[in-house]
Amino acid sequence: QVQLVESGGGLVQAGGSLRLSCAASGGSVSMYHMGWFRQAPGKERDFVASIAWSTIRTYYADSAKGRFTISRDNAKNTMYLQMDSLKPEDTAVYYCAVGAYSSTWTHYHYWGQGTQVTVSS
């Protein structure tokens, strides 16, 4: 049974950077697609980025494109989200997921508990 744990969230000023990590345990995710989603208070869960199992194919939401970089290290069973040029509207709980190369949350099978990212103005 695959379990996912996010880390790396915290407080940062606008324009700053954070790197989120998603560590998988209980099984290898090397052959699974993975993705990041986020949910702000009172808002719906939004797609951020996804990455195919090969690590070559990536897909970004327009809000993340040019600022965020998704990557993975299958040998370490870990996925990352490098977040640069952060904006206050990036404030949310960020979730990692395993399942599909997709922007639709229902296409993912496993979810982490989330890590809080807060960007001050």
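Please refer to the structure higher up on the page.
Residues numbered from 1 in each chain as written. Predicted model: local features only at pLDDT ≥ 70, side-chain atom pairs only at ≥ 80, totals over all residues. Heavy atoms only, no water.

1. Thoughts on unusual backbone geometry
Heads up, the rule is: Secondary structure counts use DSSP, requiring at least four H or I residues in a row for a helix and at least two E residues in a row for a strand, with both numbered from the N terminus. Each residue's exposure class comes from its accessible area (1.4 Å probe, protein chains only) as a fraction of the maximum for that residue type: buried when under 20%, exposed when over 50%, partly exposed otherwise.
In the Ramachandran plot, Asn77 falls in the positive-phi region, its phi being about 55° despite a non-glycine side chain. With respect to the element layout, Asn77 can be found in the loop between β7 (68-73) and β8 (78-83). Assessed through its relative accessible area of 13%, Asn77 is described here as buried. Despite not being glycine, Ser85 shows a phi value in the positive range, around 50°. Tracing the backbone shows Ser85 in the loop between β8 and β9 (92-99).

2. Comments concerning the pattern of salt bridges
Rules: Basic side-chain nitrogens of Lys or Arg form a salt bridge, by our definition, when they fall within 4 Å of a carboxyl oxygen of Asp or Glu.
Following the criterion strictly, the structure yields three salt bridges and no others. Linking Lys65 and Asp62 is a salt bridge whose minimum nitrogen-to-oxygen distance equals 3.5 Å. Like Lys65, the residue Asp62 is exposed in the burial classification. The network of salt bridges with common partners includes Arg38, Arg67 and Asp90.

3. Some points on the nonpolar core
What counts is decided by this rule: Working definition of a nonpolar core: buried Ala, Val, Leu, Ile, Met, Phe, Trp, Tyr and Cys residues. They are joined through side-chain atoms within 4.5 Å.
Core analysis: the biggest nonpolar cluster contains 27 residues, and Trp36, Leu81 and Tyr94 have the highest contact counts within it. Of all the secondary structure elements, the ones that give two or more residues to this core are β3 (18-25), β4 (33-39), β5 (45-51), β7, β8, β9 and β11 (115-120). Residues Phe47, Ala61, Ala97 and Tyr108 belong to the second largest nonpolar core, which totals five residues.

4. Focus: the packing of aromatic side chains
The following threshold applies: For this analysis, a ring pair means two rings from Phe, Tyr or Trp (six-membered ring only for Trp) whose centres lie within 6.5 Å, classed as stacked if their planes differ by under 30 degrees, edge-to-face if by over 60, and tilted for the remaining angles. Charge-over-ring contacts are defined here by two conditions on Lys NZ or Arg CZ: a distance within 6 Å of the ring centre and an angle within 35 degrees of the ring normal.
This model, assessed by the stated rule, comprises five aromatic pairs. Ring plane angle 80° and centroid distance 5.2 Å describe the contact between Phe37 and Tyr108, whose orientation is recorded as edge-to-face. With Phe37 in strand β4 and Tyr108 in the loop between β9 and β10 (110-111), this residue pair connects regions lying 71 residues apart in the sequence. Accessibility assignment for this pair places Phe37 and Tyr108 in one class, buried. In textbook terms, an aromatic cluster arises when at least three aromatic residues are bridged by ring pairs, as seen for Phe37, Phe47, Tyr59, Tyr108 and Trp111. Above the face of the Trp105 ring, Arg45 is positioned so that its terminal group lies 5.0 Å from the ring centre. Lying across the ring of Trp111, Arg45 places its NZ or CZ 4.5 Å from the centre.

5. So, the side chain of Ser21
Test applied: Contact between two residues is taken to exist if any of their heavy atoms lie within 4.5 Å; hydrogens are not considered.
Tracing the backbone through its elements, the reader meets Ser21 in strand β3. Given the relative accessible area of 17%, Ser21 is considered buried. Sequence-distant contacts of Ser21, defined by excluding residues within four places in its chain, comprise Val5, Glu6, Ser7, Trp36, Thr78, Met79 and Tyr80.

6. Focus on the side chain of Ser102
Defined as follows: Here a polar contact means two N or O atoms within 3.5 Å. Within protein one must be a hydrogen donor candidate and the other an acceptor candidate, and residues neighboring in sequence count only if both atoms are side-chain atoms.
Counting through the fold element by element, Ser102 comes out in the loop between β9 and β10. Since its relative accessible area comes to 9%, Ser102 is described here as buried. For Ser102, the side chain forms a polar contact with the side chain of His107, separated by 2.8 Å. Sequence-distant contacts of Ser102, defined by excluding residues within four places in its chain, comprise Phe37, Phe47, Ser50, His107 and Tyr108.

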